[in-house]
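Listed below, chain by chain, are the residues.
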Amino acid sequence: MIAGFLPFKHISNADVKASEIYLDSKNGDDNNEGSKEKPVKTFTKAIEKTKDGDTLNVVSLSEKNITVNKKITLKFISDVTMKGTGTGIDLSDGSHLTVANGKTLTMSGYTTAINVKKGAEINDGNYVLDKNGTAFSLADGAKINGTSKDKLKISAKEQTGSG
């Protein structure tokens, strides 16, 4: 008996297609697959379903404090308002935060609205970060990186801290 081998094809990260997960706290269900038609309900379930390179599209969000601990893009595709305490959004290395064109992410009441760790970025979007202790905190190596002045707008009025 002669054993044969199939040719080996190297699969790089570029060959792996990134996917999109949808989060809708108002109309989603954590038993759903996370598609546009069948979104999940909680951020915990949504982040669990993502892998590096994915986009997590937020339609609505009930959580007041979230941590993006994967190398994904967190994209707010609807107007979302977050009110809370502590840190609102914590972005870890390799994660990106963006808001869809024409939509707004509004955050207030936080000690730090957005904490951007080394290797993470705030990208295009309309961010209203008024009335927080600190609008955003940037670690060394963290970035605020927009494609143009018209695409990235940040309002940070009435802060009690700095940033």
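What you are looking at is a predicted structure, and each value in this text was computed from that prediction instead of being measured.

Q: Give a detailed account of the overall build of the protein chain, specifying residues and quantitative values.
A: The helix and strand tally for the protein chain stands at 1 helix and 14 strands. A total of 163 residues make up the protein chain; the buried ones form 43% of that total. For the protein chain, contacts bridging at least 24 residues in sequence account for 46% of all contacts bridging at least 6. Accessible surface for the protein chain amounts to roughly 9500 Å². Of this, 49% is attributable to carbon and sulfur atoms.

Q: Quick rundown of the sheet that holds strand β11 (residues 125-128)? Include the residues and the values.
A: Taken together, 4 strands build an open sheet; the order of strands is β5-β8-β11-β14 and the sheet is parallel. The open sheet has two edge strands with one neighbour each: β5 (80-83) and β14 (152-155). Adjacent strand axes in the sheet meet at a mean angle of 10°, parallel and antiparallel pairs treated alike. For strand β8 (residues 104-108) and β11, the ladder comprises 3 bridges, and the chain directions are parallel. In the strand pairing of β11, Thr106 is matched with Val128.

Q: Break down the pattern of salt bridges for me, with residues and values.
A: If the charged atoms of two oppositely charged side chains come close together, the side chains can form a pair. Scanning all chains against the criterion turns up 3 salt bridges. With a closest N to O distance of 3.3 Å, Asp90 and Lys117 form a salt bridge. Taken together, the residues Asp90 in strand β6 (residues 87-91) and Lys117 in the loop between β9 (112-116) and β10 (121-122) connect sequence positions 27 residues apart. Owing to a relative accessible area of 13%, Asp90 belongs among the buried residues under this scheme. A residue is classified by how much of its surface remains accessible, and Lys117, at 34% relative accessible area, is partly exposed.

Q: Can you break down the pairing of β9 residue by residue, with the values?
A: By the criterion of burial, β9 is predominantly enclosed, with 5 of the 5 residues buried. Note: β6 against β9, 4 bridges, orientation parallel. Pairing of Ile89 across the sheet is with Ile114, part of β9. Bridge count between β9 and strand β12 (residues 134-138): 4 bridges; the pairing is parallel. Directly across from Val116, in β12, lies its bridge partner Leu138.

Q: Quick rundown of the side chain of Asn57? Include the residues and the values.
A: For Asn57, the position within the fold is in strand β2 (residues 55-60). On the accessibility criterion, Asn57 (3% relative accessible area) is buried. Setting aside residues up to four positions removed in sequence, Asn57 forms contacts with Glu20, Ile21, Tyr22, Leu23, Lys75 and Ile77.

Q: Residues and numbers for the confidence of the model for the protein chain, please.
A: A low pLDDT means the predicted coordinates there should not be read in detail. When pLDDT is averaged along the protein chain, the result is 90, and 87% of the positions lie at 70 or above. Every residue in residues 1-16 scores below 50 in pLDDT, and together they form 4 contacts with partners more than four places removed in sequence or on other chains.

Parameters and conventions
Residues numbered from 1 in each chain as written. Predicted model: local features only at pLDDT ≥ 70, side-chain atom pairs only at ≥ 80, totals over all residues. Heavy atoms only, no water. Helix = DSSP H or I, 4+ residues; strand = E, 2+ residues; numbered from the N terminus. Buried < 20%, exposed > 50% of the residue type's maximum accessible area, 1.4 Å probe, protein only. Contact = heavy atoms within 4.5 Å. Areas by Shrake-Rupley, 256 points an atom, 1.4 Å probe, with all protein chains shown as cover. Pairing = 2+ DSSP bridges. Axes fitted to C-alpha atoms, helices over the stretch in contact; angles between N-to-C directions. Salt bridge = Lys/Arg side-chain N within 4 Å of Asp/Glu carboxyl O. pLDDT = per-residue confidence, 0-100.

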